[in-house]
Amino acid sequence: MKISEIFEKKTHPIISFEIFPPKRDEALKNIDATLDVLSALHPDFISVTFGAGGSVTNSATVDIASKIKNKYSIEALVHLTCLTYSKSEILTMIKNLQDHGIENVLALRGDRNPNIEPKKEFQYASDLVAFVKEHSDFGISGACYPECHPESKDRINDIFNLKTKVDAGATHLITQLFFDNEIFYDFVERTRLAGINVPIDAGVMPVINKAQIERMVSLCGATIPQKLQRLLDKYADNKEALFDAGLTYCINQIIDLIAAGVEGIHIYTMNNPVVAQRICDSVKNLIKP
Ligand code: FAD
């Protein structure tokens, strides 16, 4: 089923998880155990990230997405980047995904990597959205940035470019992670004013590792509110305490999003099933149909 149809059918917030293909072979074997726990939480879909730069088809992303869809019968959303691929490579990927019964892709430009030369056949995610729409029947999702994409001139241009992506065929959006819900609410209002009317999933990530979150934030530019910074400073060297504090912060963020009537919540699980389990246990009565 296309993700936009899931949104049409359900009245309560859509809950989804993101996982990434582990780099080490050993960890890749453990992905089944992670999927066992995640699937038992009955998310509406699970997305699988895509490492830009490698061979477009020889990718663990497709194997994991295929398992999600065909073994666990959960909708899989395959991330697909375009900056470093040719049109013929993307066509091969589309065929490969179709052969695995995949129905949804998250069409992305991908980050610029100084070590990998862009192929110049796609410049922006909206080019990929239009191409996928022309060559398949996939449901197409796109990324969006409540705090503005780091390369954008300003917020107005960023929203204008997002509208181009939706007009090209994206029927669902997922936000970059954010820690301040007010920033998300303000962003959603701006998208609606701009005539962007597709469902927007709020992307949230539990902060359970200080170094990891500081690296993520330096890449994506998310603001860390004082309340969260205090937790990070106080519990940086106490793994268990930071786990509890970071998870509680995230759960409170999710409760506020649900209370505010958010359409969907996309949890960046970092492949940690305990995190997903604790979050779902804490909000289960809030997301009942
Ligand atoms: P775009 O939508 O193309 O935007 C990129 C920049 O170009 C923005 O500044 C935008 O304002 C600008 N722009 C867009 N269109 C135009 C235009 N017509 N004219 C001028 N400027 C324009 N990366 C991975 O490598 N693998 C993943 O699996 C992955 N998953 C992600 C999942 C989510 C939910 C998010 C939010 C990001 C993910 N990323 C992933 C990171 C993403 O690839 C980067 O953020 C990348 O820098 C931008 O990708 P995009 O698809 O948002 O690009």
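For the structure itself, look to the data block above.
Residues numbered from 1 in each chain as written. Predicted model: local features only at pLDDT ≥ 70, side-chain atom pairs only at ≥ 80, totals over all residues. Heavy atoms only, no water.

## A few points about the packing of aromatic side chains
Applying the stated criterion across every chain, the model contains four aromatic pairs. An angle of 65 degrees between the planes, with centres 6.0 Å apart, marks the rings of Phe184 and Tyr185 as edge-to-face. Among the aromatic residues, those joined into a ring-pair cluster are Phe178, Phe184 and Tyr185. (Phe/Tyr/Trp six-rings, centres within 6.5 Å; stacked < 30°, edge-to-face > 60°.)

## Describing the pattern of salt bridges
Pairing between side chains of opposite charge can happen when the charged atoms of each approach one another. Going through the model one piece at a time under the given rule, you end up with 17 salt bridges. For Lys120, the salt bridge goes to Glu117, with nearest N and O atoms at 3.5 Å. Under the relative-accessibility criterion, Lys120 is labelled exposed at 65%. In this structure Glu117 comes out as exposed when scored by relative accessible area, which is 56%. Where Glu214 meets Lys210, a salt bridge forms, and the shortest distance between an N and an O atom there is 3.7 Å. (Salt bridge = Lys/Arg side-chain N within 4 Å of Asp/Glu carboxyl O. Buried < 20%, exposed > 50% of the residue type's maximum accessible area, 1.4 Å probe, protein only.)

## Section: the site of the ligand
The immediate surroundings of the ligand are formed by 22 residues, with Phe50, Asp111, Tyr145, Asp158 and Lys165 found nearest. Tyr145 places a polar side-chain atom, nitrogen or oxygen, 2.7 Å from an oxygen atom of the ligand. One of the side-chain nitrogen or oxygen atoms of Asp158 is found 2.8 Å away from an oxygen atom of the ligand. Broken down by secondary-structure element, the contributors of at least two residues to the shell around the ligand are strand E3 (75-81), strand E4 (104-108) and helix H6 (155-168). Per-element tally for the shell around the ligand: the top contributor is H6, with three residues. Of the residues belonging to the shell around the ligand, the class tally is nine nonpolar, eight polar and five charged. (Near = heavy atom within 4 Å. Polar contact = N/O pair within 3.5 Å; in protein donor to acceptor, adjacent residues only side chain to side chain. Helix = DSSP H or I, 4+ residues; strand = E, 2+ residues; numbered from the N terminus. Nonpolar A, V, L, I, M, F, W, Y, C, P; charged D, E, K, R; others polar.)

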